[in-house]
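Each chain, written out:
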Amino acid sequence: MRLSEIVARLGGEVIGNPDVAVQRVASLQSAGPGDLSFLAQGRYRGQLRDTRAAAVVLARDERDATELPRIVCDDPYLYFARVAQLFAGAEPVRAGVHPSATVEPGASVAASAAVGAGAYVGRGARLGERVVVGPLCHVGAGAAIGEDSRLHALVSVYAGCVIGARAIVHSGAVIGADGFGMARDGERWTKIPQVGRVVIGDDVEIGANTTIDRGALDDTVIEDGVKLDNQIQIGHNCRIGAHTAMAGCTGVAGSTRIGRHCAIGAAAQILGHLEITDHVQISSCTTISHSIHKAGTYTGLYPSSDNASWARYTAWVRHLDRLAERVRTLEKEKKK
Amino acid sequence: MRLSEIVARLGGEVIGNPDVAVQRVASLQSAGPGDLSFLAQGRYRGQLRDTRAAAVVLARDERDATELPRIVCDDPYLYFARVAQLFAGAEPVRAGVHPSATVEPGASVAASAAVGAGAYVGRGARLGERVVVGPLCHVGAGAAIGEDSRLHALVSVYAGCVIGARAIVHSGAVIGADGFGMARDGERWTKIPQVGRVVIGDDVEIGANTTIDRGALDDTVIEDGVKLDNQIQIGHNCRIGAHTAMAGCTGVAGSTRIGRHCAIGAAAQILGHLEITDHVQISSCTTISHSIHKAGTYTGLYPSSDNASWARYTAWVRHLDRLAERVRTLEKEKKK
Amino acid sequence: MRLSEIVARLGGEVIGNPDVAVQRVASLQSAGPGDLSFLAQGRYRGQLRDTRAAAVVLARDERDATELPRIVCDDPYLYFARVAQLFAGAEPVRAGVHPSATVEPGASVAASAAVGAGAYVGRGARLGERVVVGPLCHVGAGAAIGEDSRLHALVSVYAGCVIGARAIVHSGAVIGADGFGMARDGERWTKIPQVGRVVIGDDVEIGANTTIDRGALDDTVIEDGVKLDNQIQIGHNCRIGAHTAMAGCTGVAGSTRIGRHCAIGAAAQILGHLEITDHVQISSCTTISHSIHKAGTYTGLYPSSDNASWARYTAWVRHLDRLAERVRTLEKEKKK
């Protein structure tokens, strides 16, 4: 694809030869002839000098940072994402049900949908137009998956759960397992049947081995445009607001509501029954134990060090109240 | 089902019209006509005023908190769990082996058991009466699953592992993968074959994507009535005592023994080779690095704050030993 | 197998009757007649006294610690690992493709390889000599798996990923799902296609439900001899150096490079875009937020206590900067 064709589709301005053709996207370091690369952050400018890319994408204020053929635009990272999508194209899918798949009576599978080898689709389930259910997936009875959504191999969607349009769900994700609900019965636990569903909006991506539990009575809700990385756990009755993104290994305990446009760092833990407002950023490895009513960034990372230093300062953590008491004593004596 | 029928089965006392019929359980907020709701905690009393439920379950000392038809009982939450079980009923299961499943020669499948589409049951495995092996499950050679247990779709049980009666195992759970055992061999690692099993008692529930490793030599043991949420990791040679419950994302490293009736909060981490006695509560996001010999609640949560405050106080953590030294100097000078 | 045969194969010296035969390995505590046990750490010497093992493996300096028939050697733990491997033997595998498996046209499956029940092998995938693909595994188009590697049941390998020789991959592992790459597009997220691969060297073990994401543009690389426990998350574009071992529940965020011969404790979290040099040990439950350029042990564990003590000292953490200010005030007054 020529640079001129790219800007015709995606906007931006070509500087240098518009007939240069590119076939792939690549990082500045690994790019070779035929590759289009990009500079999204100034700190990679050194790599720009040495790149073997055929052309690069740059911000307007970096327009003269190279002599290579280039496209200048407002947001090179976003532009690059779109070029990459152009090149990636849609993976070709053969519509139809693989002969080794099982589709129960009463399931509704759109003619343009594909059900992969060994997959199972329960009775009353509905698969919309161009849905791809990968090999060895399980779609429970009465579940519904909206048009253009794709389940990669080995995904489990429990009965009755709903996934919107254009979802991407990665291998090992489990949608709609029972929430962790039990009542004490003397010294034993009695299970509370989990009769709510998981309801997922449009344009959601769910990472590998992420789990989203069904609601106890009401539904667990994932709103439009939410992006979940791998190995995330969402407890029952949570609501995750639209366009919120969560990095890997994060946990959200039951009945917590997270607002729209939040960004949750890796391995954060958000306790149960909390309210997090819109536009909140939570740093990686931070535990949130109180509701957050004000947009902003929240952090709770305990510092690590070489083992000896850590042992030295951490020994004092346990005695902080006594240290504070000693300071108070000194202050009192001072005043005398 | 009429209120009078419910109390005939489960006890409690009807106040108001005993002929009121209910079909579903629901939360106070979302209940509508035909729904039975409940008040388990005083703080939801406001919702009781506004609920559209047909009837509610209440504690004896809340008997006059509403004019709706109601059932009063000792423990509304437990009562509610039992009503919900009544309504949920047993999911109907068609006994028999699905034609697309593979059952190896020498496996023993009770006539009342069900093996779902695409599932695999290895040679010598035993499935008890009314066991349900969901679609696309793997039950390894010689594994045994007790009566009335249910594996949801896409569960893996490795060879030789034992699951008791009435277990519920959710999608993506892996029972009996190799423990993480290696010996150093110069600069390389040599694998130690893991020849123990996982042995699971009766009435255990195991959440989605939870992993329980087989023992190195002896067995990993999960006692009766243990409840494990999602994405929990239990290392080799652990023993989890009866009726202990663990919330999601918790990790228990190898050879640790946890007592009976413990409650472990979400994302807690319990290091290896420890002993935790009975009736211990561990708070969410707490790391336990020493054995616990006394019942009680243990916590180790580092506080989070807005990012600026966190940076301010956390900067001092690294210098705590020096701060303590300065206090000591002041104290010494005082004494002079 | 007689002790004399074992030392003929593995070295070491028999003390006592070399004709004693052993059939199994077992721990000192659970060993019975016919079992070979071992003493790797002095603190188990008490168990040595009481063991019912037929023979034991000991370090040279413990040669007289028992009167049982015994093998003395340099490293009893490593020796024991090798004996256990002798006894475990290779699990017998029937070469060939199970009739219920699906192998797409253009896939290349070695004659000595085995593809289990229900497994799926995509077009252009290559399985080397003696590869075992377990029941219900998914091997994507163009993926390659080297000789003698074994995928346990229910593993997902995405298209184009490469696994070397002698790998062991446990159930639920997901190799090559998309990395978490998105560009902001106003208030929405635009996906960046992840077109790199996962490339895994030889002699790697990957635990149950561990996830390794494919690279965005370049590859995610796991070098030779790396050992990963369960539920580990490796982000896109990471490189894990040869012979590094990671315990369960650890997370490594995108683009981080970890050196060779590192040992990462359970539930450690390593943030993104970092460099960790060779021979680094990271303690369990430690978060690493800066690059590490010097070999050694690094820790960042916040201490846990009984709940009341924790509350007492943790309350002061949030006020550490003010406490430090009070100490400074006292010091200033002193100087006057």
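Structural data are supplied above this passage.
All of the points below concern the structure found in this document. (Residues numbered from 1 in each chain as written. Chains lettered and ligands numbered in written order. Predicted model: local features only at pLDDT ≥ 70, side-chain atom pairs only at ≥ 80, totals over all residues. Heavy atoms only, no water.)

Focus on the overall build of chain A
- The secondary structure content of chain A amounts to five helices and 38 strands.
- Relative to the globule expectation of 20 Å for 336 residues, the C-alpha radius of gyration of chain A, 26 Å, shows a markedly less compact shape.
- Expressed along its principal axes, the backbone C-alpha trace of chain A runs to roughly 85 × 65 × 35 Å.
- Restricting to contacts in chain A with at least 6 residues of sequence separation, those with at least 24 account for 17%.
- Total accessible area on chain A is roughly 13,000 Å²; 48% of this is exposed by carbon and sulfur atoms.
- Charge separation in chain A, taken as the distance between the mean sites of 36 positive and 35 negative side-chain charges, equals 6 Å. (Helix = DSSP H or I, 4+ residues; strand = E, 2+ residues; numbered from the N terminus. Rg over C-alpha atoms; globule rule 2.2 N^0.38 Å. Contact = heavy atoms within 4.5 Å. Areas by Shrake-Rupley, 256 points an atom, 1.4 Å probe, with all protein chains shown as cover. Lys, Arg positive; Asp, Glu negative; His and termini not counted. Charge placed at Lys NZ, Arg CZ, Asp CG, Glu CD.)

What to know about the relation of the copies chain B and chain C
- For these two chains of identical sequence, chain B goes onto chain C by a turn of 120° and a shift of 0.0 Å along the axis, with RMSD 0.1 Å. This pairing of chains is accounted for by a three-fold axis. (Least-squares fit on C-alpha atoms with pLDDT ≥ 70 in both.)

Observations regarding the sheet that holds strand E27 (residues 233-234) of chain B
Residues and elements named next belong to chain B.
- A sheet is described by the order of its strands in space; here ten strands give the open sequence E7-E10-E13-E16-E19-E24-E27-E30-E33-E36, paired in parallel fashion. At either end of the open sheet lies a strand with only one pairing partner, and these are strand E7 (102-103) and strand E36 (287-288).
- Here strand E16 (residues 156-157) runs beside strand E19 (residues 174-177); their pairing, made up of two bridges, is parallel. Bridged to Ser156 within E19 is Val174. (Pairing = 2+ DSSP bridges.)

Here's the deal with the interface of chain B and chain C
- Taken together, the contact between chain B and chain C spans 65 residues of the former and 67 residues of the latter.
- Summed over both partners, the interface of chain B with chain C buries about 5,400 Å², with 62% contributed by carbon and sulfur atoms.
- The interface formed by chain B and chain C contains five salt bridges.
- Between Arg312 of chain B and Asp321 of chain C there is a salt bridge whose closest N-O contact spans 3.3 Å.
- Counting every contact that joins chain B to chain C gives 26 residue pairs in polar contact (both at pLDDT 80 or more).
- The set of elements that each furnish at least two residues to the side of chain B that touches chain C consists of E19, strand E20 (182-185), strand E21 (188-191), strand E24 (211-213), E36, strand E37 (296-299), helix H4 (307-317) and helix H5 (320-335) of chain B.
- Ranked by residue count, the leading element in the side of chain B that touches chain C is H5 of chain B, at seven residues.
- Sheet topology note: the E37 of chain B/strand E38 (residues 305-306) of chain C ladder contains two bridges and is antiparallel. Across the sheet, the residue bridging to Tyr298 of chain B is Asp306 of chain C, located in E38 of chain C. (Buried area = accessible area lost by both parts, 1.4 Å probe. Salt bridge = Lys/Arg side-chain N within 4 Å of Asp/Glu carboxyl O. Polar contact = N/O pair within 3.5 Å; in protein donor to acceptor, adjacent residues only side chain to side chain.)

What about the sheet that holds strand E26 (residues 227-228) of chain B?
- Strand order in the open sheet formed by twelve strands is E6(B)-E9(B)-E12(B)-E15(B)-E18(B)-E23(B)-E26(B)-E29(B)-E32(B)-E35(B)-E37(B)-E38(C), and the pairing between neighbours is mixed. With one partner strand each, in any of the chains shown, strand E6 (96-97) of chain B together with E38 of chain C form the two edges of the open sheet.
- Sheet topology places strand E23 (residues 205-206) of chain B next to E26 of chain B; two bridges connect them, and they run parallel. The partner of Ile206 of chain B across the bridge, within E26 of chain B, is Leu228 of chain B.

What to know about unusual backbone geometry
- Although it is not a glycine, His273 of chain A adopts a positive phi angle of roughly 60°.
- With respect to the secondary-structure elements, His273 of chain A resides in the loop between strand E33 (269-270) and strand E34 (275-276).
- Phi angles above zero are rare outside glycine, and Arg130 of chain C is one such case at about 60°.
- Here Arg130 of chain C lies in the loop between strand E11 (126-127) and strand E12 (132-133).

Regarding the environment of Gly196 of chain C
Residues and elements named next belong to chain C.
- Residue position: Gly196 is located in the loop between strand E21 (188-191) and strand E22 (198-200).
- When its relative accessible area of 0% is taken as the criterion, Gly196 is described as buried.
- With 23 residues separating them along the chain, Gly196 and Asp219 place their C-alpha atoms 4.7 Å apart.
- Sequence-distant contacts of Gly196, that is, excluding residues within four places in its chain, are made with Arg214, Gly215, Ala216, Leu217, Asp218 and Asp219. (Buried < 20%, exposed > 50% of the residue type's maximum accessible area, 1.4 Å probe, protein only.)

What about the interface of chain C and chain A?
- Taken residue by residue, the interface counts 65 residues in chain C and 68 residues in chain A.
- In this structure, the connection of chain C to chain A is made through five salt bridges.
- Glu331 of chain A serves as the salt-bridge partner of Arg326 of chain C, at 2.7 Å between the closest nitrogen and oxygen.
- If you tally residues by element for the side of chain C that touches chain A, the top one is helix H5 (residues 320-335) of chain C, at seven residues.
- A class-by-class count of the residues in the side of chain C that touches chain A yields 29 nonpolar, 22 polar and 14 charged. (Nonpolar A, V, L, I, M, F, W, Y, C, P; charged D, E, K, R; others polar.)

Considerations on the side chain of Asp229 of chain B
- Tracing the chain through its elements places Asp229 of chain B in the loop between E26 and E27.
- It turns out Asp229 of chain B is buried and unbridged, and the closest side chain with the opposite charge, Lys191 of chain A, is 9.3 Å from it.
- Other than its neighbours up to four places away in sequence, Asp229 of chain B contacts Phe180, Asp213 and Gln233 of chain A together with Gly207, Thr210, Met246, Ala247 and Gly248 of chain B.

Focus on the environment of Gly265 of chain B
- Secondary-structure assignment places Gly265 of chain B in the loop between strand E32 (263-264) and strand E33 (269-270).
- It is 30 Å that separates the C-alpha atoms of Gly265 of chain B and Val133 of chain B, two residues lying 132 residues apart in sequence.

Regarding the pattern of salt bridges
- One pass over the full model with this rule turns up 49 salt bridges over all chains.
- Because the salt bridges share partners, they merge into one network encompassing Asp178 and Lys191 of chain A together with Glu205 of chain B.

A closer look at the packing of H5 of chain B against H5 of chain C
- Contact geometry for H5 of chain B and H5 of chain C: axes closest at 11 Å, N-to-C directions at 35°. Considering how the two elements wind past one another, H5 of chain B and H5 of chain C form a crossing that is left-handed. Residues Leu320, Leu323, Arg326, Val327, Leu330, Glu333 and Lys334 of chain B of H5 of chain B pack against Leu320, Leu323, Ala324, Val327, Arg328, Leu330, Glu331 and Lys334 of chain C of H5 of chain C. (Axes fitted to C-alpha atoms, helices over the stretch in contact; angles between N-to-C directions. Left-handed = near helix turned anticlockwise from the far one by under 90°.)

Section: the packing of aromatic side chains
- As enumerated under the stated definition, the model contains twelve aromatic pairs over all chains in all.
- Where Tyr302 of chain A meets Tyr313 of chain A, the ring centres are 6.4 Å apart and the plane angle is 65°; that geometry is what we call edge-to-face. Here Tyr313 of chain A lies in helix H4 (residues 307-317) and Tyr302 of chain A lies in the loop between strand E37 (296-299) and strand E38 (305-306), a separation of eleven residues in the sequence.
- Plain terms: the ring middles of Tyr302 of chain A and Tyr302 of chain C are 5.0 Å apart, the flat faces sit at 65° to each other, and that makes the pair edge-to-face. On the criterion of chain membership, the pair formed by Tyr302 of chain A in the loop between E37 and E38 and Tyr302 of chain C in the loop between strand E37 (296-299) and E38 is interchain, its members lying in two chains.
- Taken together, the ring pairs connect Tyr302 and Tyr313 of chain A, Tyr302 and Tyr313 of chain B together with Tyr302 and Tyr313 of chain C into an aromatic cluster. (Phe/Tyr/Trp six-rings, centres within 6.5 Å; stacked < 30°, edge-to-face > 60°.)

Examining the environment of Val204 of chain C
Residue and element names in this part refer to chain C.
- Within the secondary structure layout, Val204 lies in the loop between E22 and strand E23 (205-206).
- Since its relative accessible area comes to 1%, Val204 is described here as buried.
- Separated by 24 residues in sequence, Val204 and Phe180 have C-alpha atoms that sit 24 Å apart.
- Each residue touching Val204, except ones within four places of it in the same chain, is listed here: Arg166, Ala167, Ile168, Ile222, Glu223, Asp224, Gly225 and Val226.

Describing the pairing of E37 of chain B
- Alignment of strand E35 (residues 280-282) of chain B against E37 of chain B, held across three bridges, turns out to be parallel. Note on E37 of chain B: the bridge partner recorded for Ile282 of chain B is Tyr298 of chain B.

Examining helix H4 (residues 307-317) of chain C
- Within H4 of chain C the residues assigned to the buried category are Ser309, Trp310, Tyr313, Thr314 and Val317 of chain C. The arc enclosing the buried residues of H4 of chain C, seen along the axis, measures out at 115°, which places them on a common side.
- The elements touched by buried residues of H4 of chain C are H4 and helix H5 (320-335) of chain A, E37 and H4 of chain B together with E38 and H5 of chain C. (Arc of directions from axis to C-beta.)

Observations regarding a positive patch on the surface
- Together, Lys334 of chain A, Lys332 and Lys336 of chain B together with Lys332, Lys334, Lys335 and Lys336 of chain C line one region of the surface with positive charge.
- Among the elements that make up the positive patch, the one with the highest residue count is H5 of chain C (three residues). (Patch = residues over 30% accessible without salt bridge, like charges linked within 9 Å, V, L, I, M, F, W, Y side chains within 5 Å.)

Concerning the nonpolar core
- Membership of the largest hydrophobic core comes to 202 residues, with the highest contact counts inside it found for Leu151 and Ile234 of chain A, Leu151 and Ile234 of chain B together with Leu151 and Ile234 of chain C.
- The contact partners of Leu151 of chain C, leaving out residues within four places of it in the chain, are Val132, Val133, Gly134, Cys137, Val139, Ile145, Val157, Ile163 and Val169 of chain C. (Core = buried A, V, L, I, M, F, W, Y, C linked by side-chain atoms within 4.5 Å.)

Regarding the side chain of Ser283 of chain A
- Mapping Ser283 of chain A onto the fold places it in the loop between strand E35 (280-282) and strand E36 (287-288).
- Among the polar contacts listed, one links the side chain of Ser283 of chain A to the side chain of Thr299 of chain A, at a separation of 2.7 Å.
- Look past the residues within four positions of Ser283 of chain A in its chain and what remains in contact with it is Gly265, Ala268, Thr297, Tyr298 and Thr299 of chain A together with Asn307 of chain B.

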